[in-house]
There are 2 protein chains.
Amino acid sequence: MFTIGEFSRITGLSIKALRLYHDRELLVPAQTDPASGYRIYSDADVERAKVIRTLRDLEFGLDDIQAMLTDYDDDASLVSFLEARQQEITLRRTHLKHISRELTHIIQQEKEIAMTLQSNEFDVETKTLNTELIASIRFQGKYSDVGPYFGRIARNFGRYLCGKPLCLYHDGEFKAEDADIEVGFPIRQGQSKDGVTVSELPGGKAVTLIHKGPYDTLSASYQKIFAYTQQNKLQTLIPSREVYLKGPGMILKGNPQNYLTEIQVLVKE
Amino acid sequence: MFTIGEFSRITGLSIKALRLYHDRELLVPAQTDPASGYRIYSDADVERAKVIRTLRDLEFGLDDIQAMLTDYDDDASLVSFLEARQQEITLRRTHLKHISRELTHIIQQEKEIAMTLQSNEFDVETKTLNTELIASIRFQGKYSDVGPYFGRIARNFGRYLCGKPLCLYHDGEFKAEDADIEVGFPIRQGQSKDGVTVSELPGGKAVTLIHKGPYDTLSASYQKIFAYTQQNKLQTLIPSREVYLKGPGMILKGNPQNYLTEIQVLVKE
DNA sequence: CTTGACCCTCCCCTTGGGGCAGCGTTTATC
DNA sequence: GATAAACGCTGCCCCAAGGGGAGGGTCAAG
């Protein structure tokens, strides 16, 4: 016969838990001293407590445990309970897996951006771009209309995205109203569908500059780029490209002063 | 401007949740009609609500979300939060994985037993046993001492177990007190360690009988077996074996009347 | 007799809302 | 203008499985 403290140490169940189980009639001590109210547990109670602990470790609810202990005396009859629990846990696990993947994705994105921020001095550079596979939508409209198009591509190709969103400007001049804009994402693979075109974006020699700040100050960076191309007698090609290295985040909108946009202009070699 | 009901439909957050977030000052509506107390939400509130929803979908707590929205305006600064959450989720996932494995194990065991129960008529049979790799402990003592030895083997070889527990009786006669008993489990692989010996249990022609009932009635089944061997002029070998197909379950003790024990006695061929 | 360890009951707290009662407001319809 | 349906408000209790603590009784040793 054990006091509740001893019993707690034996079974690994907290005193609070034991009192709760007594209340719920899940584990009623063999005796209760009527005078003092002290609970006195027996060896048989130890057995039952161990069973309860096992089931709690499997994260069954107290009500389930109650039912299992009341109605059954054999593991075989518990199989349906176990299978139900198994299924719940599987569901929960896949859900957590999704969350985990999502988090990993966001974290990785942010880390890449942090590296770009550190390593770059935001000067005009000349580099060779690789040909990329992109999923894109081309439309006529205003720049501010791009949001939903990005959303549509992301929904259709979410699993295959492998880079930052970008815009191609097919006009040779600036147009506020009726611009010929193509929005897209680099993807690993995929087929055109639902109005989204999968195509190869050709690479080549390009003059690039990373612009830091809100989108409405991009023109200053364009000026730098074109100053550079003229100075170096480079002939620019259209479409020009903007790669949105860091814009509004996955969660927060962020400070536009910290947005990073790489402007890429292909030039004749 | 939206009423709480409209806002709820827009954001996918329940009215109850919205009122709670207001209480907690996590999402305070743009205005509150002083006369009626009606909450009136703005477009800016929609943005904030979406952020909150995203974070809730990642199963952040309201307090965490509060902190994230109060102190930061950029995803980059959330990375430490995200990583902490990531780690919690990983922990939780591995825990659930353990539970899931445990459940699968129990369920599978019980299903095997259920099949044995259906397909067998509990008659004396002659069959050929395969050689098995077992992890075992041999000791001198009483039958009732076996429990802890099984526990020790299971702890050391838990991952490699691939069959039912068994006992080998090395005495040629019945001994109550100082029997020479070897307890073991079939395993897939492993090395001797911590007093547990890994060895090959030789197979061969055997006379077997599945005994149904508590262990103290095993003698009746032994009697049947030896009656059979004598009748068929078979010479029995020691050690004899008991394989505990169904004993006390992983969770419940079960009804001893339903215990199943296969007695195996090798015979000379 | 005291002291410290142990035990009791009772109440509040946790998370993220759900449900309901009781009452007020808005809006459309008659 | 009246009325009813739909919508909104606050306030209270509820969930699971205990944890924390207050206030008070009990037990064993010194």
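Computed from a prediction, not measured in an experiment: that's the story for all the values here. (Residues numbered from 1 in each chain as written. Chains lettered and ligands numbered in written order. Predicted model: local features only at pLDDT ≥ 70, side-chain atom pairs only at ≥ 80, totals over all residues. Heavy atoms only, no water.)

Q: Help me out: how do you make sense of the sheet that holds strand β4 (residues 132–141) of chain A in this one?
A: Through backbone hydrogen bonds, the strands of a sheet pair up, either in parallel or in antiparallel fashion. Residue and element names in this part refer to chain A. Ordered in space as β3-β8-β10-β9-β5-β6-β4-β7, the eight strands form an open sheet in which the pairing is antiparallel. Of all strands in the sheet, those bounded by a partner on one side alone are β3 (125–129) and β7 (197–201). If you compare each strand with its neighbour and ignore which way they point, the axes differ by 35 degrees on average. Packed on one face of the sheet, helix α6 (residues 146–157) meets β4, β5 (166–169), β6 (179–186), β7 and β9 (240–246) and runs near 30 degrees to β6. Of the strands in this sheet, β3, β5, β8 (204–212), β9 and β10 (260–266) touch helix α7 (residues 218–231), which is tilted by about 145 degrees from β8. (Pairing = 2+ DSSP bridges. Helix = DSSP H or I, 4+ residues; strand = E, 2+ residues; numbered from the N terminus. Axes fitted to C-alpha atoms, helices over the stretch in contact; angles between N-to-C directions. Contact = heavy atoms within 4.5 Å.)

Q: Please explain the pattern of salt bridges as it appears in this structure.
A: A side chain of one charge can pair with a side chain of the opposite charge if their charged atoms are brought near each other. Going through the model one piece at a time under the given rule, you end up with 14 salt bridges over all chains. Ionic pairing is found between E262 of chain A and K127 of chain A, a salt bridge with its closest N-O pair at 2.8 Å. In this pair, E262 of chain A sits in strand β10 while K127 of chain A sits in strand β3, placing the two residues 135 residues apart along the sequence. Two residues, K175 of chain B and D171 of chain B, come together in a salt bridge whose shortest N-O distance is 3.7 Å. (Salt bridge = Lys/Arg side-chain N within 4 Å of Asp/Glu carboxyl O.)

Q: Where do I start with the relation of the copies chain A and chain B in this structure?
A: Between the two copies of this chain, the relationship is a rotation about some axis together with a displacement along it. At an RMSD of 0.3 Å, chain A and chain B line up after a rotation of 179 degrees and a shift of 0.0 Å along the axis. Expressed as an axis order, the relation between the two copies is that of a two-fold axis. Every residue of chain A has its C-alpha some distance from the rotation axis, and the shortest such distance is that of R93 of chain A, at 3.1 Å. The fraction of interface residues of chain A whose copies in chain B are also interface residues reaches 100%, indicating that both copies meet through the same surface. (Least-squares fit on C-alpha atoms with pLDDT ≥ 70 in both.)

Q: Is there a simple way to think about the interface of chain A and chain B in this case?
A: Accessible area lost upon the coming together of the parts serves often as the stated size of an interface. Contacts between the two partners involve 44 residues from chain A and, on the opposite side, 44 residues from chain B. Both sides of the chain A and chain B interface together cover about 3900 Å² of buried area, and 64% of this is carbon and sulfur. The largest share of the area that chain A buries against chain B comes from D75, I251 and L252 of chain A, three residues that together contribute 18% of it. Linking chain A with chain B are four salt bridges, by the criterion used here. For E59 of chain A, the salt bridge goes to R92 of chain B, with nearest N and O atoms at 2.7 Å. The leading source of residues in the side of chain A that touches chain B is helix α5 (residues 75–119) of chain A, at 23 residues. (Buried area = accessible area lost by both parts, 1.4 Å probe.)

Q: Mind showing me how you'd approach the pairing of β5 of chain A here?
A: Two faces, one strand: in a regular strand the side chains alternate between the faces of the sheet. Residues and elements named next belong to chain A. What you see with β5 is no split at all: L166 and L168 on one side and C167 and Y169 on the other are buried throughout. Taken together, the four bridges between β5 and β6 define a ladder with antiparallel strand orientation. Each bridged residue has a counterpart across the sheet, and for L166 the counterpart in β6 is G184. Bridging between β5 and β9 involves four bridges; their strand directions are antiparallel. Its bridge partner lying in β9, Y169 is registered against S240. (Buried < 20%, exposed > 50% of the residue type's maximum accessible area, 1.4 Å probe, protein only.)

Q: Is there a simple way to think about the nonpolar core in this case?
A: In a soluble, globular protein the nonpolar side chains are often hidden away together inside. Residues L82 and I251 of chain A together with L82 and I251 of chain B are the most contacted members of the largest nonpolar core, which totals 63 residues. With residues near it in sequence (within four places) discarded, L82 of chain A still touches F60 and M68 of chain A together with L103, I106, I107 and I251 of chain B. Grouped together as the second largest cluster of nonpolar side chains are 26 residues, I137, F139, V146 and I181 of chain B included. (Core = buried A, V, L, I, M, F, W, Y, C linked by side-chain atoms within 4.5 Å.)

Q: What am I meant to see in the domain arrangement of chain A here?
A: Looking at chain A, the domain boundaries give domain 1 (4–71) and domain 2 (121–266). Domain 1 of chain A and domain 2 of chain A are separated by 65 Å when their C-alpha centres are compared. (Domains from an automatic or database assignment.)

Q: What is the right way to look at the protein's contact with DNA strand C in this model?
A: Every one of the 21 residues lining DNA strand C counts as a neighbour, but T3, G5 and R19 of chain A together with K16 and Y21 of chain B are closest to it. Among the atoms of DNA strand C close to the protein, meaning within 4 Å, 74% are from sugar or phosphate groups. Residue T3 of chain A places a side-chain N or O atom 2.8 Å away from a phosphate oxygen belonging to DNA strand C. Within the backbone of G5 of chain A, one N or O atom sits 2.8 Å away from a phosphate oxygen of DNA strand C. Looking at the surface near DNA strand C, the elements with two or more residues in it are α1 (4–11) and α2 (15–23) of chain A together with α2 (15–23) and α4 (62–71) of chain B. The element contributing the most residues to the surface near DNA strand C is α2 of chain B, with four residues. Here the surface near DNA strand C is composed, by residue class, of eight nonpolar, seven polar and six charged. (Near = heavy atom within 4 Å. Polar contact = N/O pair within 3.5 Å; in protein donor to acceptor, adjacent residues only side chain to side chain. Nonpolar A, V, L, I, M, F, W, Y, C, P; charged D, E, K, R; others polar.)

Q: Before we go on, may I ask you to explain the packing of α1 of chain A against α2 of chain A in this structure?
A: Each packed pair of helices is defined by two parameters, the angle between the axes and the distance between the axes. Residue and element names in this part refer to chain A. Closest axis-to-axis distance for the α1/α2 pair is 9 Å, and the angle between their directions is 105 degrees. With respect to their mutual orientation, α1 and α2 come out roughly perpendicular. Contacts between α1 and α2 involve I4, G5, F7 and S8 from the former and I15, L18 and R19 from the latter. Residues that form the contact of α1 with α2 fall into these classes: four nonpolar, two polar and one charged. (Parallel < 35°, antiparallel > 145°, perpendicular 65-115°, else oblique.)

Q: Explain the environment of T131 of chain A to me, please; I cannot follow it from the model alone.
A: Residues and elements named next belong to chain A. Residue placement: T131 occurs in the loop between β3 and β4. Classification of T131 as partly exposed rests on a relative accessible area of 46%. Along the chain, T131 and Q66 lie 65 residues apart, while their C-alpha atoms are 64 Å from each other. Residues within four places of T131 in sequence aside, it is in contact with E200, L201, P202 and G203. A distance of 3.2 Å separates a polar side-chain atom of T131 from the backbone nitrogen of G203.

Q: Help me out: how do you make sense of the packing of aromatic side chains in this one?
A: Each aromatic ring pair is described using two quantities: the centre-to-centre distance and the angle formed by the ring planes. Residue and element names in this part refer to chain A. This structure, assessed with the given rule, holds 16 aromatic pairs over all chains. Ring geometry for F150 and F185: centres 5.7 Å apart, planes at 75 degrees, overall edge-to-face. Of this pair, F150 sits in helix α6 while F185 sits in strand β6; the two residues are 35 residues apart in sequence, bridging distant segments of the chain. Accessibility expressed as a relative area gives 13% for F150, which makes it buried. When its relative accessible area of 10% is taken as the criterion, F185 is described as buried. Look at Y215 and Y244: their rings are 5.7 Å apart centre to centre, the planes differ by 80 degrees, and that puts the pair in the edge-to-face class. Taken together, the residues Y215 in the loop between β8 and α7 and Y244 in strand β9 connect sequence positions 29 residues apart. (Phe/Tyr/Trp six-rings, centres within 6.5 Å; stacked < 30°, edge-to-face > 60°.)

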